[in-house]
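# Residue-level structural notes
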Amino acid sequence: MSASNVKAFPEVLSPQDGKAGGHEFKIRNFRSERYTLADDLNLYLEEHDGQCVVSSYDTGQFGHGYSPDQAIENLCSVVEEYYALLVEDEGHLSPRLDSHLRYLRTVLRLRQ
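So, a few notes on the structure that sits alongside this text. These numbers come from a predicted model, not from an experiment.

What follows concerns the overall build of the protein. In terms of helices and strands, the protein carries three helices and seven strands. Moving toward the C terminus, one meets the helices and strands of the protein in the order α-β-β-β-β-β-β-α-α-β. Within the protein, the fraction of its 112 residues that count as buried is 38%. Excluding contacts between residues fewer than 6 apart, the proportion of contacts in the protein whose partners are at least 24 apart in sequence is 33%. When the accessible surface of the protein is totalled, it reaches about 6600 Å², and 47% of it is carbon and sulfur.

Set out below in structure tokens:
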């Protein structure tokens, strides 16, 4: 996928050539009825066998789909569920998972 194809999606702010044929970019639209983004979410997009895979380095989560848009939507759903699980287990998290929870608390906001 070329950087110009990534630019076609309005939620993508700044695609950059990534490593191994992928692209780094940021989104502002979280695709959730419950949460919005208070800050950009940094993502990495790759294509594998006709599927798009979008990863969040900051949370270790990924989403997939047949298009970048579907992969981003899937990732948003995964991150939302991940956040709920982290909140549920707060106080019993490893240092790494606790850092993910702190990060998500700075990035996600409840919709008004």
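Now, onward.
A separate point is the packing of helix α2 (residues 68-88) against helix α3 (residues 95-107). At a minimum axis separation of 10 Å, α2 and α3 run at an interaxial angle of 120 degrees. In terms of crossing hand, the pair formed by α2 and α3 is left-handed. Along the contact surface, α2 presents Val79, Tyr82, Tyr83, Leu86 and Val87, while α3 presents Leu97, His100, Leu101, Leu104 and Arg105. Partitioned by chemical class, the residues of the contact of α2 with α3 number eight nonpolar, one polar and one charged.

Take the packing of aromatic side chains next. For the structure shown, the criterion picks out two aromatic pairs. A centroid spacing of 5.5 Å and a plane angle of 80 degrees characterise the contact between Tyr35 and Tyr83, whose relative ring orientation is edge-to-face. Of this pair, Tyr35 sits in strand β3 (residues 35-37) while Tyr83 is found in helix α2, placing the two residues 48 residues apart along the sequence. Pair check on accessibility: Tyr35 and Tyr83 agree, each one buried.

In this section: unusual backbone geometry. Backbone geometry at Arg31 places phi at a positive 65 degrees, although glycine is not the residue there. Within the element layout of this structure, Arg31 appears in the loop between β2 (23-27) and β3. Its identity as a non-glycine residue notwithstanding, Asp49 has a phi of 50 degrees, on the positive side. Its place among the elements puts Asp49 in the loop between β4 (41-48) and β5 (51-56).

Cut-off values and rules
Residues numbered from 1 in each chain as written. Predicted model: local features only at pLDDT ≥ 70, side-chain atom pairs only at ≥ 80, totals over all residues. Heavy atoms only, no water. Helix = DSSP H or I, 4+ residues; strand = E, 2+ residues; numbered from the N terminus. Buried < 20%, exposed > 50% of the residue type's maximum accessible area, 1.4 Å probe, protein only. Contact = heavy atoms within 4.5 Å. Areas by Shrake-Rupley, 256 points an atom, 1.4 Å probe, with all protein chains shown as cover. Axes fitted to C-alpha atoms, helices over the stretch in contact; angles between N-to-C directions. Left-handed = near helix turned anticlockwise from the far one by under 90°. Nonpolar A, V, L, I, M, F, W, Y, C, P; charged D, E, K, R; others polar. Phe/Tyr/Trp six-rings, centres within 6.5 Å; stacked < 30°, edge-to-face > 60°.

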